[in-house]
Amino acid sequence: MSPDVASPIRPAIRAMAGYTPGEQPRGGEFIKLNTNENPYPPSPRVFEAIRSALIGDRLRKYPDPLGTDFRRTAAKVLGVEPDMILIGNGSDDILTILTRAFVPEGGLIVSPTPSYVLYRTLAEIQGARFQTIPYTMPDWDVPSPWPVRGASLTFVANPNSPSGTMLSLETLERLASEVDGPLVIDEAYVDFADWNALPLLKKRRNVIITRSLSKSYSLAGIRFGFAIADAGVVRELEKVKDSYNCDVLSLAAATAALGDQEYLSQTVDRIRREKRALSDALVRRSFAVTPSQANFVWCRRSDRPVKPIYEALKESRILVRYMNYADYGDGLRITVGAPEEMQSLSERLDGILAR
Ligand SMILES: *Cc1c(COP(=O)(O)O)cnc(C)c1O
């Protein structure tokens, strides 16, 4: 782009690098363990729901802007009221809506680090400041008391990425009482975990929970996420979102997926089992593995650099995520895949580590 075309672009946008999502290779058979997709297909009810949505003239008309059926189903499953739910085109859309609604230009977004890199990108787009607070190591906890005042929004991924670790409910409740502004608890991976923050919604009105159907529900390609928050907050957020941010097919798919909790618990059980096997396999091969409550594990090693391991795996068509944080260091984040994928990974690692 020539400079004269670019010049009306806001300086905040020109100054930023932009978010880089994990690679989605085109063509070729890759074992994809880099973006935490689910190795199992979505519930059979999802396919049925999409098929029925294609019948008649539903595609010709706009979708329900508020996703009434989805909200009713999700509310029942979660034990909340339908008007506490906001639908989104992926939970990233929800995070964008929250940023637009709560953060003025020059405002402050805060997050513990290392964590989901998108939070910084959202601050940059908004022209807001971004402040990180390092997790306390080795247990990935947060400092007490929380050291930041004046945040417009505080993001905590729980379970966290890349670590897969979780803050306790007690810690989250304390955080919610200490932060200024809303505490957004990003629960993209919570269906794999031992607890979630839903009980806090009744106690702390500044708690906003975000959920995704991309990981536990095997619907990353559909783009659907939602927020659970105080009904008054949800009403305000509805003004900020695109009127039709979720389409007819994604609404049908998401409603069917939430409606099949038995299928969810079956796939989650399989992944949790396979995660234990993956962790053991990595420990046996001298990786330091962080105990994970998500569908991936974070592993590092002190005896050799991990980047060449990532590269060698990629050469043999196994993709994992190499992460390098300026304030922390690097490691590999490996998605829990199907048993045969985990087998291939172990075999490849043996070859690479023998070098
Ligand atoms: C994957 C992920 C999301 C985004 O989920 P989508 O619903 O696919 O947009 C949000 N937060 C974290 C921490 C994630 O890892």
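This text gives an overview of the structure that appears in the document. Because the structure is predicted, anything quoted here is derived from the model rather than measured. Chains are numbered independently. Their residues run from 1 in the order of the written sequence. Local features in this predicted model are restricted to residues whose pLDDT is 70 or higher, and side-chain atom pairs enter the listing and the counts only when it is 80 or higher, whereas totals over whole chains, interfaces and linings include all residues. With hydrogens and water excluded, all non-hydrogen atoms of the structure serve as input to the side-chain values.

On to the overall build of the chain. Secondary structure elements are taken from DSSP: a helix is a run of H or I of four residues or more, a strand is a run of E of two residues or more, and numbering for both begins at the N terminus. When its secondary structure is counted, the chain shows 13 helices and 12 strands. Burial statistics for the chain: of 355 residues in total, 52% are counted as buried. Here, residues are in contact when the closest pair of their heavy atoms is within 4.5 Å. Pairs at least 24 residues apart make up 71% of the contacts formed inside the chain by residues separated by at least 6 positions. With residues, only the protein chains shown are counted as cover, and all accessible areas are computed by Shrake-Rupley using a 1.4 Å probe. Accessible area of the chain: about 16,400 Å², with a carbon and sulfur share of 51%. Think of it in three bands: residues with accessible area under 20% of the maximum for their type are buried, residues over 50% are exposed, and the middle band is partly exposed, with areas taken using a 1.4 Å probe on protein chains only.

Let us look at the pattern of salt bridges. Salt bridges, as used here, are contacts in which a Lys or Arg side-chain nitrogen is within 4 Å of a carboxyl oxygen on Asp or Glu. The final tally for this structure, using the stated rule, is 16 salt bridges. Lys61 is paired through a salt bridge with Asp57; the nearest N and O atoms lie 3.8 Å apart. Note on Lys61: relative accessible area 47%, which makes it partly exposed. Its relative accessible area of 33% is what places Asp57 among the partly exposed residues. Linking Arg149 and Asp180 is a salt bridge whose minimum nitrogen-to-oxygen distance equals 3.4 Å. You can see Arg149 sitting in the loop between β4 (129-134) and β5 (153-157) and its partner Asp180 sitting in the loop between α7 (169-178) and β6 (183-186), a full 31 residues away along the chain. For Asp180, a relative accessible area of 31% puts it in the partly exposed group.

Let us look at the site of the ligand. Being near a molecule or strand, for a residue, means having at least one of its heavy atoms within 4 Å of it. Around the ligand, the neighbouring residues are Gly90, Ser91, Asp92, Tyr116, Asp186, Ala188, Tyr189, Ser212, Ser214, Lys215 and Arg223. Between N or O atoms, a polar contact is any pair within 3.5 Å; within protein, one atom must be a potential hydrogen donor and the other a potential acceptor, and residues adjacent in sequence are included only when both atoms are from side chains. Backbone polar atom of Ser91 to an oxygen atom of the ligand: 2.7 Å apart, as the coordinates give it. Interatomic distance of 2.6 Å between a side-chain N/O atom of Ser214 and an oxygen atom of the ligand. Relative to its free-state accessible area of 390 Å², the ligand is covered by the protein chains to the extent of 93%. Under the convention adopted here, Pro, Cys and the residues Ala, Val, Leu, Ile, Met, Phe, Trp and Tyr are nonpolar, Asp, Glu, Lys and Arg are charged, and Gly plus all remaining residues are polar. The class makeup of the residues in the shell around the ligand is 3 nonpolar, 4 polar and 4 charged.

This part covers unusual backbone geometry. The amide bond that connects Thr113 to the next residue, Pro114, takes the cis arrangement and shows omega of 0 degrees. With respect to the secondary-structure elements, Pro114 resides in the loop between β3 (108-113) and α6 (118-126). The amide bond that connects Asn158 to the next residue, Pro159, takes the cis arrangement and shows omega of 0 degrees. Although it is not a glycine, Trp140 sits at a positive phi angle of roughly 55 degrees. With phi around 60 degrees, Ser218 is a residue other than glycine that occupies positive phi space. Assignment of secondary structure puts Ser218 in the loop between β7 (207-212) and β8 (225-228).

We now examine the sheet that holds β3. Any two strands are treated as partners once DSSP identifies two or more bridges connecting them. The strand order across the open sheet formed by 7 strands is β2-β8-β7-β6-β5-β3-β4, and the pairing between neighbours is mixed. The open sheet terminates on both sides in strands that have one partner only, identified here as β2 (85-88) and β4. Each adjacent strand pair in this sheet contributes to an overall mean axis angle of 20 degrees, direction not counted. Relative to β8, β2 runs antiparallel, the two being bridged by 4 bridges. The partner of Leu86 across the bridge, within β8, is Ala227. Relative to β4, α6 is tilted by about 155 degrees, and along the sheet it contacts β3, β4, β5 and β6. Helix axes are fitted only over the stretch in contact, all axes being lines through C-alpha atoms; the angle between N-to-C directions runs from 0 to 180 degrees.

Let us look at the sheet that holds strand β1 (residues 31-33). Read from one edge of the open sheet, 5 strands run β1-β11-β12-β10-β9, paired in mixed fashion. Two strands in the sheet have a free side with no partner beyond their single neighbour: β1 and β9 (288-290). Ignoring which end each strand starts from, the neighbouring axes of this sheet average 30 degrees apart. With 3 bridges connecting them, β9 and strand β10 (residues 296-300) associate as antiparallel partners. Across the sheet, the residue bridging to Val289 is Cys299, located in β10.

One recurring pattern in soluble globular proteins: nonpolar side chains tend to sit buried together. As used in this record, nonpolar core signifies buried Ala, Val, Leu, Ile, Met, Phe, Trp, Tyr and Cys residues forming a set joined through side-chain atoms within 4.5 Å. Core analysis: the largest hydrophobic core is formed by 85 residues, its most contacted members being Phe70, Leu332 and Ile334. Those residues in contact with Ile334, other than ones at most four positions away along the chain, are Leu33, Leu278, Leu282, Phe296, Val297, Cys299, Val320 and Leu345. By size, the runner-up hydrophobic cluster in this structure holds 22 residues, among which are Leu122, Ala123, Ile208 and Val233.

With that settled, consider α6. Among the residues of α6, Leu118, Tyr119, Thr121, Leu122, Ala123 and Gln126 are the ones counted as buried. Tucked into the core, α6 has its buried residues touching α5 (91-102), β3, β4, β5 and β6. The positive-phi residue at the C-terminal boundary of α6 is Gly127, with phi of around 70 degrees.

For the rest of this paragraph, the subject is the packing of aromatic side chains. Stacked, edge-to-face and tilted are the three classes for Phe, Tyr and Trp ring pairs, Trp counted by its six-membered ring, which pair at centre distances within 6.5 Å; planes under 30 degrees apart are stacked, over 60 edge-to-face, the rest tilted. Throughout the structure, instances matching the rule amount to 13 aromatic pairs. In our convention, an over-ring charge means Lys NZ or Arg CZ found within 6 Å of a ring centre and within 35 degrees of that ring's normal. The lysine or arginine in question, Arg300, covers the ring of Tyr328, its NZ or CZ lying 4.1 Å from the ring centre. We note Arg301 situated over the ring of Phe287; from NZ or CZ to the ring centre the distance is 4.6 Å.

Attention now moves to the pairing of β10. In terms of burial, β10 is largely enclosed, as 4 of its 5 residues are buried. Between the antiparallel neighbours β9 and β10 lie 5 residues. Alignment of β10 against strand β12 (residues 329-335), held across 4 bridges, turns out to be antiparallel. By the bridge assignment, Trp298 is partnered in β12 with Arg333.

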